[in-house]
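The chain contents come next:
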Amino acid sequence: MTATSATSESSTLLNTSPRFTTLALGGEKPLYDDPDESATSLASVQIAGITVLLSKPTARAVYLKLWLNGKDFAKLPLAYDHTDGDLTKPLRWSLQPHLTVRNDSNLIIQVRRRRPWPKKAVITEVAVSFDNAAHSLNRGTTIDLLLEFIARDDPLVVLDLVAVEDPLQLNLGVAADKAREIRSVLDSLGKSRRFLELLLAYGAAVSEIDPIAKAVLSCVKVAYKQLLDHDKCDRVIVNLADNMARTLSYISDVEQFARIAQLKKALEDVRPLMEETANFILRFVNRTRQDKIVKFSIFQEEVEKLRKKYDVFQQQFDRGLAVQATGAIEMVLQRLVSTEDDQILQELKPKGMELNTRPVAECMKGTRLDVLASIDDWIDDFQAPNILWVRGFPGVGKSSIAATVISNVRRLNRLGSRFIFEREKATVSTPNILWRSVAFDLARQYPSVRRMIVERLKDDDVDVETSNVKSLFRELIEEPLEECEFIPPGRLPVIVVDALDECGGRDGRRSINREGLLQTLKRWATLPRRFKLIVTSRIEDDILKVLDPISECIDLSTGNKVKEQASHDIQLFLKARLAKIAKQYPESLDPDWPGLPVCNQLTERAAGLFQWAKTAIEIINLGEPTEQLQLVLDRNADGLGNLATLYAKVLEVSFRMPSEDVLNAFQGIVGAIVFAKRPLTRGECLKLLPSYSPTMFDFVRKGLRSVLDSDDSKTSGSSANGGATTPTTATEAGVLRFSHQSFVEFLLSPKCVFRIDEVEQHRNLAHACLDMMIARLEFNIARFPTSYVKNSALADLDYRAETLVTTPLMYACRFWMDHLQVLEWNEELFEKVKVVVYDKLLFWLEVLSVIGEVYSACTVITTLRVWCRDTADSEIMGYLEDTLKFLDAFSGVMAQSLPHIYISALPFAPTNSKVAQRFRHLFPRLVRIEKSKFTEWPRVVFEVDEHEETVNCAAFSCDGRFIVSGSNDMTVRVWDSETGDLISGPMEEHDNFVGTVAFSRDGRYIASGSDDCTIRIWDTESGDLIAGPLKGHENVVKAVTFSNDGAYLASASVDTSIRIWDMRQGSMGQLVRVIEGHDGAVITVAYSPDDLLLVSGSADRTVRVWDASSGELKYGPFEGHFNCVNCVAFSPDGQRVASASEDEKIYIWNFLAKEDVVGSLEGDTDGVTSSAFVVGPLEGHTDSVTSIAFSPDGSKLVSGSHDGILILWDTTEGKIVCEPFTGHRSGVTSVAFSPDGHRILSSSCDSTLLVWDAESALQEEDEYHLTPFLDIPAHQDNVKCVTFSPDGSRIISASDDETVRLWDAATGEPINDIRFHCDELDGHHWQRFPLPPSHRQGADVVAYSPDGEFIASAGGNSNGAIAIWHSATGEMHHPTLQGHRGGITSLVFLPSSPFLVSGSYDGTIRIWDTESGETLVGPLEPHAGWITSIAVSPDGASIASASDDRTIHVFAAATMEEIQDPLVGHEKGVNCVIFSPCSRYIISASHDLTIRVWDVESGEAAGLELGGRDDSSVGRLLYRY
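Residues numbered from 1 in each chain as written. Predicted model: local features only at pLDDT ≥ 70, side-chain atom pairs only at ≥ 80, totals over all residues. Heavy atoms only, no water.

Peer 1: Mind showing me how you'd approach the overall build of the protein here?
Peer 2: Counting its secondary structure elements, the protein contains 38 helices and 63 strands. Considering the protein as a whole, with its 1521 residues, one finds that 55% of them fall into the buried category. Looking at the protein alone, contacts between residues at least 24 apart form 61% of all its contacts between residues at least 6 apart. When the accessible area of the protein is evaluated, it comes to approximately 67700 Å², of which 50% is carbon and sulfur surface. (Helix = DSSP H or I, 4+ residues; strand = E, 2+ residues; numbered from the N terminus. Buried < 20%, exposed > 50% of the residue type's maximum accessible area, 1.4 Å probe, protein only. Contact = heavy atoms within 4.5 Å. Areas by Shrake-Rupley, 256 points an atom, 1.4 Å probe, with all protein chains shown as cover.)

Spelled out as structure tokens, the structure:
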């Protein structure tokens, strides 16, 4: 018995059943990598079915009998398919559930005849070896989850092995389903069962009357009891299978952290028990009638044994889990997060977020009971929305409620994560940080979530620093939670987010961060409802709009609407705190001071605001209690105004009749506390604000201690809701912040006497930061000992930062621009800025390197350029631009190692770098680059190379933040325009190439058009599909563009139409109108700036301008191009339209002008519509121009071409303004200007995106003249075709450089005295290529005549012209042969004749007489696609043609009638065909990666099929004679 590949005979047999797959199939991944190792590691194999092919006929039915470990296991049903004598019919028995054979088991399969007595019953017997079966799993495939194992050859016995990594889960599910199918006799009785039960219930009295009735009823009663036992047994089996299937789903999680012996033992024993149960169910469902009667008690005993074993397992499992969980929960968590995983997860934890967190106070015991009870009910209600919004006015106690909820769910072991937004920490308290923190916490608590997050971090699938919070949320929160395995209800996570309204800092609802956060909350609402999120915030418009429809709300009442329970809670708080004050004066104040009436009065004044009550208590506690209490009660105010009045009282009492110095100090110190970008300590404030003495600083702080949240002001530990505050850490010592945001808002209100002016305070802080940087920044400020290690390798880096750099300087270096950008340009500040950037730039970068903020320097300098732009001189603007290039080039190395600012960045900067010139002389001992040093910065800012195939299109968003790209890899992706980092995508809904993409004006949406004839609308940042597919076009979508108001989308298609789609909310995706008028495919379309017009370009070679609202033709058609128009663009002023074409030319149409444009170029303007004045043609490209774009000011135009370069043009005179942009390795497919005009974006067939520095090029004033390539003896572009002359002495070649050239075959030297030049092309491209062109737009095919006298050539991108040349002179034999409507793909001469066969992209074949130039045969259209190749047999009798329609046609050369049906077999387009030397065979090569050989006479495949490479198609064939 062997496990072997199926023979061809058996494969044929087994393939009659679609369920089977064969072991002989290659290329599939084995279930295990190492057969020897995995076979021994398998504990069991599972058999899903048995197939038998009899070798001898038998008239009797056949069945199988299985023996397991020497015991009669099961008898499988009778099979009759073979009884008609047909031995080709296989007999198959399906095992449901599957039979499990363990590594210590023996299985024997007997094939038996029915009732053969006295003949031998056993036809054959097979002993199945576990080792052989296990080894076969490793040599087989995983197709359809089954693998064939041949256990015996004669008769053939085949086992279906289950080929999945963990088949037990699958098998238990099958077992449960089969168990449910068991139908007992009682189930069959139906309504009669009720009658039988009534008969037995009331038959006792009857039986006493009639002895015969008594005997009958006794028999019935016994029988019924047996039926009840059967039914009970059946139900136990079903429950057992169901329970085991559910148990297995979470055992794998528990196995990871099981430590105690009892739990480990239970887990080890449960899998064999489950396999035993599945086998028993297999036996049970295959019982014979006799077994059901005779052996029922045996089956019943086995069921009871299995149930008891499972009960024991459950007890051991529950007990072990409980002991381990209660005994060492922290150790379990440590086990859950391995050392390696923990290090990876640390990427999520933002540095320093655990520090300086605002102290959180819980509600006082006995208060807020109604609110907390409602929250508890919501947490346990899995039918309620999964977001709970606790909302109310400032000071109502939202944060205290959140703190109490956090404490409660933590005790229940259900706290998933907690986060508090803080307005004063807006730069670090962001949605990005929120979801990273939540992901970190969830990953540490839930193994299945951890696995997914760690895997994504390992594979770099997630950029944790991304600004795209939607993408981050999807990758770290949404998908891991949706895909996580079972979590017990008592462990489901509850997330608490406090103070959501403080997200975004002082920008509030205008903040991008807040908008992004609200979008992620919408996504949370789509998660399963068991994942709970609690948020607290004020009721603000943007939050209300998002949360109200998707959340359950709890309103905390205030003012006139305050609820009785809330007032009662405030009264409890006041009584408790006032009693505490009274205890300090035991001899003068009563214990219940000031009495219930005063408490009621204070409660009424509070109007539901716990913050008012807290502040009132603080005021009373500041001095003599009765006097202070009277101060609080003196002012009459109602509702919310009461809080402002109370704050005014605080300032009035603390700063009575303040002097001017005190007022100035108050403004400066409080301004720093309020407007600092992170909370400052006392020491930091004194360093940043040295003009204020420590005494004055402490005086102001003391006056504000009732509203200040500094840790040393917290002596009582009381909370706004009466609870204890969380203790502050040593790291937080001295941190200054106000206890409630309402006090800050009071200070900023016009009514406040002590009002803080925001602009003035930012000015103070900007001066303070710049002064500190000028005074403190110096070389090697952190005293790095060596340059041989990275920053991260220095163990004392943090110590050096705190002691040598110091936190005040770190603050200044990090946030100086945040304060400066708020201000208008100021000469005094500007002079300080110049000192920093001119003299301290590298030292500033040192500090940023130490604190890990080097990458923020680009944003700082970019913002500074904007701040200086209108008033600063060109010198500093140029210096700042050079600084950005310096940072672009070296930020990576500077971020990793501070010393390499001087060791790597400075020496390797280009010679003309202004930064290098400024600092290099200060460090004379630096490394010097003597050779190959760059003079200027590279033009390429960065490259994106993550697409897998040609990038067809790319565009900037209107705000310049993002880049979108579409590719032949059928994806759409969004990138960060500054870094090239992936923001969202890949978006993979399209079924074919993505050929066009566009941003909406607001940047929220992306439209993509595809070769699948559809359009899709995407969310920019999340990558979610918003609308689509939009269907209507009948062919490839070539262009999409949004109107500038975002209301409409225009699309252009090969189906010759333009369609307008509605993009407004509520009707998005609806078709508005169809515009028709072009005679060919519409390739490009664009809106005018005012959205009144649409311009389109077409394969009909025209440009047309349409009325956007009516679809009527407004201007045109403009005719001038002599080939397909690839791209059109409106100028920013809407007065001109530029067009680019396959003819390599660009025109600028001034269709609204009333007089000729000054400076119009003279050139090929034949056919230009007289009503449109034009600049052009602009010539310089050597291949089709694929894309053009105007600069934002309209003065420049950038163009990209299949020649691989970008050219920048002056739009007035049509001159080239700078050296072309070179860097792509293949053709350019699209170009775009950034909205600020500083960058140019290009995409290419080389699968990359490049972002270029355009600013320096735009500043060049001199015209650039294209220079010819060197006249070297070689083609200047791709060589497309070569062939030998008949005598073998010469080689003729055709190239994309538009020339046909002749070479000596013996020496390889060019034959320069013979030039193939078409007089019609005089002057064409001579400015770039030194040789005169043979064909416009490249030569693709060449062929020698049989006598060698003539050469035929043609281009694949031309108008179908074929040239016939004298091979001896290079002169044309006669004018070009015209007839094909598309480019030529193949040329071949018939043997011993002047006849030429041609194939074209137009799908036709022609035969020409080269003597007369006339068409002899054709056009023939045998194919459904374009012609890819033509071959003539050596004997001249046959002609073969191939096409991208996957077929080959064979013709008789004499008549051009098809010899036979098309040759069909290739799965993709056929690229090439040739005949064998004997003319009997045709060989074909295809894009399906195969080469096939065909018999010409029969048309059948000759049996040879050669596989191509797995990464490229077969494009050319050559027969060796």
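Peer 1: Whenever I open this one, the pattern of salt bridges confuses me. Can you help?
Peer 2: Side-chain pairs of opposite charge can arise whenever the charged atoms involved come near each other. Applying the stated criterion across every chain yields a total of 36 salt bridges. As a salt-bridge pair, Glu479 and Arg456 come within 2.6 Å of each other at their nearest N and O atoms. Note that Glu479 is positioned in helix 17 (residues 469-483) and Arg456 in helix 16 (residues 447-458), a separation of 23 residues in sequence. On the basis of relative accessibility, which here comes to 22%, the residue Glu479 falls in the partly exposed class. Notably, a salt bridge pairs Glu778 with Arg783, separated by 3.0 Å at the nearest N-O pair. Each of Arg456, Arg474, Glu475 and Glu479 takes part in one network of salt bridges that share partners. (Salt bridge = Lys/Arg side-chain N within 4 Å of Asp/Glu carboxyl O.)

Peer 1: Can you walk me through the packing of helix 15 (residues 431-445) against helix 17 in this structure?
Peer 2: Angle between the axes and distance between the axes: these two values describe a pair of packed helices. Their axes nearest at 9 Å, the elements helix 15 and helix 17 cross at an angle of 20 degrees. Viewed along their axes, helix 15 and helix 17 adopt a mutual orientation that is roughly parallel. Seen along the crossing, helix 15 lies across helix 17 with a hand that is left-handed. Note on element contacts: helix 17 touches helix 15 through Val469, Leu472, Phe473, Leu476, Ile477 and Leu481, opposite Pro431, Asn432, Trp435, Arg436, Val438, Ala439 and Leu442. Looking at the contact of helix 15 with helix 17, its residues break down into eleven nonpolar, one polar and one charged. (Axes fitted to C-alpha atoms, helices over the stretch in contact; angles between N-to-C directions. Parallel < 35°, antiparallel > 145°, perpendicular 65-115°, else oblique. Left-handed = near helix turned anticlockwise from the far one by under 90°. Nonpolar A, V, L, I, M, F, W, Y, C, P; charged D, E, K, R; others polar.)

Peer 1: What's the story with helix 35 (residues 874-896) in this structure? I'm lost.
Peer 2: Side chains that are three or four residues apart share a direction in an α-helix, a result of its 3.6 residues per turn. Between its terminal C-alpha atoms helix 35 stretches 33 Å, which fits the 33 Å expected from 23 residues at 1.5 Å a residue. Roughly 65 degrees is the biggest bend found in helix 35, and it falls at Phe890. (Expected span 1.5 Å × (residues − 1). Bend = angle between axes of the 7 residues up to and from the residue.)

Peer 1: What is the right way to look at helix 30 (residues 797-805) in this model?
Peer 2: Among all positions in helix 30, only Leu797, Arg800, Ala801 and Val805 are buried. Down the axis of helix 30, the buried set is contained in an arc of 100 degrees. They therefore lie on one face. Exposed residues on helix 30 whose side chains face more than 90 degrees from its buried face are Tyr799 and Glu802. Along its buried surface, helix 30 packs onto helix 29 (758-776), helix 31 (807-820) and helix 33 (841-850). Directly after helix 30, the chain includes Thr806, whose backbone phi takes a positive value near 75 degrees. (Arc of directions from axis to C-beta.)

Peer 1: Where do I start with the pairing of strand 39 (residues 1185-1190) in this structure?
Peer 2: A large share of strand 39 lies buried, amounting to six of its six residues. Counted along the chain from strand 39 to the antiparallel partner strand 40 (residues 1196-1201), the turn is five residues long, and its residue Gly1194 has a positive phi close to 80 degrees. (Pairing = 2+ DSSP bridges.)

Peer 1: Teacher, can you tell me more about the sheet that holds strand 39 here?
Peer 2: Within a sheet, each strand pairs with its neighbour through backbone hydrogen bonds, oriented either parallel or antiparallel. Strand order across the open sheet formed by four strands is 39-40-41-42, with antiparallel pairing between neighbours. What marks the edges here is a single partner per strand, and that holds for strand 39 and strand 42 (1221-1222). As paired elements, strand 41 (residues 1205-1210) and strand 42 share two bridges and run antiparallel to each other. Looking across to strand 42, one finds that Leu1206 is bridged to Phe1221.

Peer 1: In this structure, what is going on with the packing of aromatic side chains? I would like to understand it.
Peer 2: Any two aromatic rings considered together are summarised by their centre-to-centre distance and by the angle between their planes. The tally for this structure, following the rule as stated, stands at 19 aromatic pairs. Each ring, one from Phe1316 and one from Trp1365, has its centre 5.6 Å from the other, and the planes form 80 degrees; the classification is edge-to-face. Of this pair, Phe1316 sits in the loop between strand 48 (1300-1304) and strand 49 (1341-1344) while Trp1365 sits in strand 51 (residues 1362-1366), placing them 49 residues apart in sequence. Side by side, Phe1316 and Trp1365 carry an identical accessibility label, which is buried. Pairing Tyr1401 with Trp1426 gives two aromatic rings, centres 4.8 Å apart and planes at 45 degrees, and the pair type is tilted. Placement of the pair is Tyr1401 in the loop between strand 53 (1395-1400) and strand 54 (1405-1409) and Trp1426 in the loop between strand 55 (1414-1420) and strand 56 (1427-1432), with a sequence separation of 25 residues. Connected via pairs of aromatic rings, a cluster forms that spans Trp435, Phe473 and Trp524. (Phe/Tyr/Trp six-rings, centres within 6.5 Å; stacked < 30°, edge-to-face > 60°.)

Peer 1: Can you help me understand the environment of Tyr1147 in this one?
Peer 2: Looking at where Tyr1147 falls in the secondary structure, it is placed in strand 37 (residues 1145-1150). Classification of Tyr1147 as buried rests on a relative accessible area of 0%. Taking C-alpha positions, Tyr1147 is 9.1 Å from Gly1214, a pair spaced 67 residues apart along the chain.

Peer 1: What am I meant to see in unusual backbone geometry here?
Peer 2: Among all residues save glycine, negative phi is the norm, and among peptide bonds the norm is trans. Omega for the bond connecting Asp154 with Pro155 falls within 30 degrees of zero, at -5 degrees, which places this linkage in the cis form. Position of Pro155 relative to the elements: it lies in the loop between strand 7 (146-152) and strand 8 (156-162). Put simply, Gly1116 and Pro1117 share a cis peptide bond, and its omega is 5 degrees. Its location among the elements puts Pro1117 in strand 34 (residues 1113-1119). Unusually for a residue other than glycine, Asp1091 sits at a positive phi of about 65 degrees. Following the sequence through the fold, Asp1091 ends up in the loop between strand 31 (1082-1087) and strand 32 (1093-1098). The backbone of Glu1144 shows a phi angle near 75 degrees, a positive value even though the residue is not glycine. Looking at the secondary structure, you find Glu1144 in the loop between strand 36 (1137-1141) and strand 37. Glu1144 gets classed as buried once you look at its relative accessible area, which sits at 1%.

Peer 1: Just to check I follow, could you spell out the pairing of strand 26 (residues 1025-1030) for this structure?
Peer 2: Look at any regular strand and the pattern is simple: side chains alternate between the two faces of the sheet. Looking at chain direction, strand 25 (residues 1015-1019) and strand 26 are connected through three bridges and run antiparallel. Opposite Ile1015, over in strand 26, you have Leu1030 as the bridge partner.

Peer 1: Would you explain a negative patch on the surface in this entry?
Peer 2: Together, Glu347, Glu455, Asp459, Asp460 and Asp461 line one region of the surface with negative charge. Position of Asp461 relative to the elements: it lies in the loop between helix 16 and helix 17. Residue Asp461 is classed as partly exposed on the basis of its relative accessible area, which comes to 45%. (Patch = residues over 30% accessible without salt bridge, like charges linked within 9 Å, V, L, I, M, F, W, Y side chains within 5 Å. Lys, Arg positive; Asp, Glu negative; His and termini not counted. Charge placed at Lys NZ, Arg CZ, Asp CG, Glu CD.)

Peer 1: Any chance you could explain the sheet that holds strand 28 (residues 1048-1053) here in plain terms?
Peer 2: Spatial ordering of the open sheet is given by 27-28-29-30, a layout of four strands whose pairing is antiparallel. Two strands close off the open sheet at either side, each with one partner strand: strand 27 (1037-1042) and strand 30 (1071-1076). Sheet twist, expressed as the average angle between the axes of neighbouring strands with direction ignored, equals 20 degrees. Pairing between strand 27 and strand 28: five bridges, direction antiparallel. Across the sheet, residue Val1040 finds its bridge partner in strand 28, namely Ser1051.

Peer 1: How should the nonpolar core be read in this particular structure?
Peer 2: Note on soluble globular proteins: their nonpolar side chains tend to be buried together. By size, the foremost hydrophobic cluster in this structure holds 102 residues, and its most contacted members are Phe738, Trp816 and Trp844. Sequence-distant contacts of Trp816, that is, excluding residues within four places in its chain, are made with Cys769, Leu770, Met773, Tyr811, Val833, Trp844, Val860 and Leu864. Core analysis: the second largest hydrophobic core is formed by 47 residues, Phe421, Val438, Val454 and Phe473 among them. (Core = buried A, V, L, I, M, F, W, Y, C linked by side-chain atoms within 4.5 Å.)

Peer 1: Would you mind going over the environment of Ser1433 with me for this structure?
Peer 2: Among the structural elements, Ser1433 can be located in the loop between strand 56 and strand 57 (1438-1443). Spatially, the C-alpha atom of Ser1433 lies 7.8 Å from that of Ile1474, the residues being 41 residues apart in sequence. When residues no more than four places from it in sequence are discounted, the contact partners of Ser1433 are Pro1391, Ser1438, Phe1475 and Ser1479.

Peer 1: In this structure, what is going on with the packing of helix 15 against helix 16? I would like to understand it.
Peer 2: It is the contact of helix 15 with helix 16, at a shortest axis distance of 6 Å, that shows an interaxial angle of 125 degrees. The orientation of helix 15 relative to helix 16 falls into the category oblique. For the element pair helix 15 and helix 16, the recorded crossing hand is left-handed. Residues Ala439, Leu442, Ala443 and Gln445 of helix 15 touch helix 16, and the partners they reach there are Pro447, Val449, Arg450 and Ile453.

Peer 1: Looking at this structure, how should I read the confidence of the model for the protein?
Peer 2: Should pLDDT be low for a region, the predicted coordinates there are not to be read in detail. Mean pLDDT over the protein works out to 77, with 75% of the residues at or above the 70 mark. Contacts for the low-pLDDT stretch residues 1-40, under 50 throughout, to residues beyond four places or in other chains number 72 contacts. Note on residues 1154-1170: pLDDT under 50 across the span, and 34 contacts to partners over four residues away in sequence or across chains. (pLDDT = per-residue confidence, 0-100.)

Peer 1: What exactly am I supposed to notice about the side chain of Arg456 here?
Peer 2: You can call Arg456 buried: its relative accessible area is 12%. Among the polar contacts listed, one links the side chain of Arg456 to the side chain of Glu479, at a separation of 2.6 Å. In this structure Arg456 touches Asp461, Val462, Arg474, Glu475, Glu479, Pro480 and Glu483, once residues within four positions along its chain are discounted. (Polar contact = N/O pair within 3.5 Å; in protein donor to acceptor, adjacent residues only side chain to side chain.)

Peer 1: Looking at this structure, how should I read the side chain of Ser1051?
Peer 2: Tracing the backbone through its elements, the reader meets Ser1051 in strand 28. The buried category is assigned to Ser1051, whose relative accessible area is 0%. A polar atom in the side chain of Ser1051 sits 2.7 Å from the side chain of His1033. Polar contacts involving the side chain of Ser1051 include one to the side chain of Trp1061, which spans 2.9 Å. Excluding residues that lie within four positions of it along the chain, Ser1051 makes contacts with Ile1015, His1033, Val1037, Ala1039, Val1040, Ser1057, Ile1058, Arg1059, Trp1061 and Val1085.

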